[in-house]
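Residues per chain, in single letters:
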Amino acid sequence: VIYGLEFQARALTPQTAETDAIRFLVGTQSLRYDNQIHIIDFDDENNIINKNVLLHQVGEIWHISTSPADKGVLATCYNKTSDTKVMTCAAVWRMPKELESGSHESPDDSSSNTQTLELLCHLDNTAHGNMACVMWEPMGDGKKIISLADNNILLWDLQESSDKAVLSSSAALEGKGQLKFTSGRWSPHHNCTQIATANDTTVRGWDTRSMRQIYCIENAHGQLVRDLDFNPNKQYYLATCGDDCKVKFWDTRNVTEPVKTLEEHSHWVWNVRYNHSHDQLILTGSSDSRVILSNMVSISSEPFGHMVDDDELSDQEDQHQEEKIKEPLQDSVIATYEEHEDSVYAVEWSSADPWLFASLSYDGRLVINRVPRALKYHILL
C-alpha cells in the first residue's frame, strides 16, 4: 500500500508501545510550511490507510522516536533557525489523548482537522551541539532517554509527568577533528546498560552506567556509517550500514572482522533493521531507491531453521531430522522492492505485526509491504 505525503520526509518510526494496531509515525521536512507528523494507521483487513495529522510547528523533522511505555509520547529532533544559524534541537511531545491508540475506523472529514502536539519538555542542548537522534530505553518505563548531540552522549531522566528532562550523565568523544555522531541504538540486552553509536567510519559500544567505551570497531565501513541495529535475540550481534554501499554484521566480542557482509545495494545504505521476532529477516533502505529484504539465517538464532523437539519424532523421522540439522540454511536476498523513485531514508518493522514493514523515501512516499507469504510459512512451519 502506498501513501503520499505532500512534503518531503525522512523520519519514520513505528509506535513502539502500540502492539495491537499497525501504526507508524512520519515526520515531514518543509522549509516553507509548518511541518507535520502523520500518524499512519494501517487497516490490515481492508488494506487501507487511515491518517491523522499533527502540527509540528518548530521546524523540519530529522528524527522521530516513540516511548516504549506510553502510546501518546514521542520525541523529535528538528531544525531551528535563529539569527541565520541553524541548530538541531530535540523535544519530547504528547499527542492528543484521542489519537493515542491506533484507530480502525475510517476517518470522517471532521476528524482530519489538524491538531497540535503538546510540548512536554526540551532536551536542552545549548551546551552540547546539534542533536542527531533520541533513543528510549528499550523495555523501560519511558523515563530514560539518550540523545546524541555532536560529539556528546547525554543520558536524560524524564520526571514523572515527562514535563522536565534532567541530565543525569554524559560522555564525550575525544580526538582530532570535528567528531560527530551520526546515529545510535540502545541495546535490548545486558539489562539495557549498553548503547552503540556511529561516528564517521567508527562504531563504538558504551556502558550507560559508567558512560565509558566498551568496544570500538574502527573503520567498520570504508565510508560514513549511517545506521546500526542490534539483533534482538543474540546479545553480541550488531548490524551496520553505510556509504560504502555495504551492510555488515558484527560480533562485538571480536571486532576485527565482520561475521558477514552484504553487498546488494548500489548506493549509500541509510537504514538497517532486524525483525523483532525473527532475527534472520533484515531490512535495508538505500539511496539507490530500493528496499531489500534479506534472510541472514546463518547468523540468526535459528541457523538450522525451526528446531523440532526430539520427543515429537519417531525413530525414522529422527534420523531424517539429524541429517537436516547438519545442513545450515543458506543466506539469500528474499525480495527487492522498487516502489520508490527517490532515496529511501528509512525502513521500519511494525511493532504490532512481525510480517509487516514500512519504508519512506525523500519525496514523501510511504510504502507498507509484507514479508512474502511463502517465506513466512517457511519460517513458521
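Residues numbered from 1 in each chain as written. Predicted model: local features only at pLDDT ≥ 70, side-chain atom pairs only at ≥ 80, totals over all residues. Heavy atoms only, no water.

Caption draft 1: Looking closely at the overall build of the protein. Counting its regular elements, the protein contains 2 helices and 29 strands. Compactness check: the protein gives a C-alpha radius of gyration of 21 Å against a globular reference of 21 Å for 381 residues, within 12% of the reference. Overall, the protein is about 75 × 55 × 40 Å in size when its C-alpha atoms are taken along their principal axes. The burial tally for the protein puts 55% of its 381 residues in the buried class. Counting only contacts in the protein whose residues sit at least 6 apart along the sequence, the fraction spanning at least 24 positions is 51%. Accessible area for the protein stands at about 17300 Å²; split by element, carbon and sulfur atoms hold 44% of it. (Helix = DSSP H or I, 4+ residues; strand = E, 2+ residues; numbered from the N terminus. Rg over C-alpha atoms; globule rule 2.2 N^0.38 Å. Buried < 20%, exposed > 50% of the residue type's maximum accessible area, 1.4 Å probe, protein only. Contact = heavy atoms within 4.5 Å. Areas by Shrake-Rupley, 256 points an atom, 1.4 Å probe, with all protein chains shown as cover.)

Caption draft 2: Region of interest: the UniProt feature "repeat: WD" (unreviewed entry) in the protein. What UniProt calls "repeat: WD" (unreviewed entry) maps, in this numbering, to residues 218–254. Along residues 218–254 the backbone is 0% helical and 46% strand, and the end-to-end C-alpha distance reaches 12 Å. (UniProt positions renumbered as here; feature names shortened; annotations may be inferred.)

Caption draft 3: Layout of the sheet that holds strand β11 (residues 131–136). The antiparallel open sheet is built from 4 strands, whose spatial order is β11-β12-β13-β14. What marks the edges here is a single partner per strand, and that holds for β11 and β14 (165–172). The sheet shows a mean angle of 20° between the axes of neighbouring strands, direction not considered. In this sheet, strand β13 (residues 152–158) lies alongside strand β12 (residues 144–149) in antiparallel orientation, the contact comprising 6 bridges. Looking across to β13, one finds that Ser 147 is bridged to Leu 154. (Pairing = 2+ DSSP bridges. Axes fitted to C-alpha atoms, helices over the stretch in contact; angles between N-to-C directions.)

Caption draft 4: Layout of empty space enclosed by the protein. Applying the stated criterion to the full structure yields 1 cavity of 30 Å³ or more. If you add up the space inside the largest cavity, you get close to 30 Å³. Around the largest cavity sit Cys 245, Val 247, Leu 262, Glu 263, Glu 264, His 265, Thr 284, Ile 292 and Ser 294, which together line it. By residue class, the composition of the lining of the largest cavity is 4 nonpolar, 3 polar and 2 charged. (1 Å grid on protein atoms, 1.4 Å probe; cavity = no way out; pocket = protein on both sides within 12 Å on 5 of 7 lines; lining within 4 Å. Points joined across faces, edges and corners; volume = space filled by probe spheres on them. Nonpolar A, V, L, I, M, F, W, Y, C, P; charged D, E, K, R; others polar.)

Caption draft 5: Structural view of the pattern of salt bridges. For the structure on display, the rule yields 16 salt bridges. Asp 331 is paired through a salt bridge with Lys 260; the nearest N and O atoms lie 3.6 Å apart. In this pair, Asp 331 is assigned in the loop between α1 (315–325) and β26 (332–337) and Lys 260 in strand β22 (residues 260–262), connecting sequence segments 71 residues apart. Given a relative accessible area of 24%, Asp 331 falls into the partly exposed group. Salt bridges sharing partners connect three or more residues here, namely Asp 70, Arg 94, Lys 97 and Glu 100. (Salt bridge = Lys/Arg side-chain N within 4 Å of Asp/Glu carboxyl O.)

Caption draft 6: Main features of the confidence of the model for the protein. On average, residues of the protein carry a pLDDT of 89, and 91% of them reach 70 or more. Taken as a whole, residues 307–313 scores under 50 in pLDDT and shows 6 contacts with residues more than four places along the chain or in a different chain. (pLDDT = per-residue confidence, 0-100.)

Caption draft 7: How the structure looks around a nonpolar patch on the surface. Among the surface-exposed residues, Tyr 377, Leu 380 and Leu 381 lie close enough to one another that they form a single nonpolar patch of about 330 Å² accessible area. In this fold, Leu 380 is placed in helix α2 (residues 373–380). Owing to a relative accessible area of 40%, Leu 380 belongs among the partly exposed residues under this scheme. (Patch = residues over 30% accessible without salt bridge, like charges linked within 9 Å, V, L, I, M, F, W, Y side chains within 5 Å.)

Caption draft 8: Expanded view of the sheet that holds strand β4 (residues 35–43). Ordered in space as β2-β3-β4-β5-β9, the 5 strands form an open sheet in which the pairing is mixed. What marks the edges here is a single partner per strand, and that holds for β2 (8–14) and β9 (115–116). Here 2 bridges tie strand β5 (residues 48–56) to β9, and the two strands are oriented parallel to one another. Directly across from Leu 55, in β9, lies its bridge partner Thr 116.

Caption draft 9: Inspection of the state of the cysteines at higher detail. Scanning the entire structure with this criterion turns up 0 disulfides. Here Cys 89 stays free of any disulfide, with the sulfur of Cys 77 as its closest cysteine sulfur at 9.2 Å. With no disulfide partner, Cys 241 has as its closest neighbouring cysteine sulfur the one in Cys 245, 11 Å distant. (Disulfide = S-S within 2.5 Å.)

Caption draft 10: Region of interest: the layout of surface pockets. The volume enclosed by the largest pocket comes to roughly 1600 Å³. In this structure, the largest pocket is lined by 48 residues; those nearest its centre are His 63, Gly 184, Arg 185, Arg 273 and Glu 348. Elements with a contribution of two residues or more to the lining of the largest pocket: β2, β6 (61–66), β11, β15 (181–186), β19 (225–230), β23 (269–274) and β27 (344–349). Taken domain by domain, the makeup of the lining of the largest pocket includes at least three residues from each of domain 1 (8–99 + 114–172) and domain 2 (174–302 + 326–380). (Domains from an automatic or database assignment.)

Caption draft 11: Unusual backbone geometry, seen in detail. Backbone geometry places Asn 219, a non-glycine residue, at a positive phi of 50°. Judged by its relative accessible area of 56%, Asn 219 falls in the exposed class. You will see that Ser 289, though not glycine, has its phi angle at about 70°, which is positive. Along the chain, Ser 289 turns up in the loop between β24 (281–286) and β25 (291–295).

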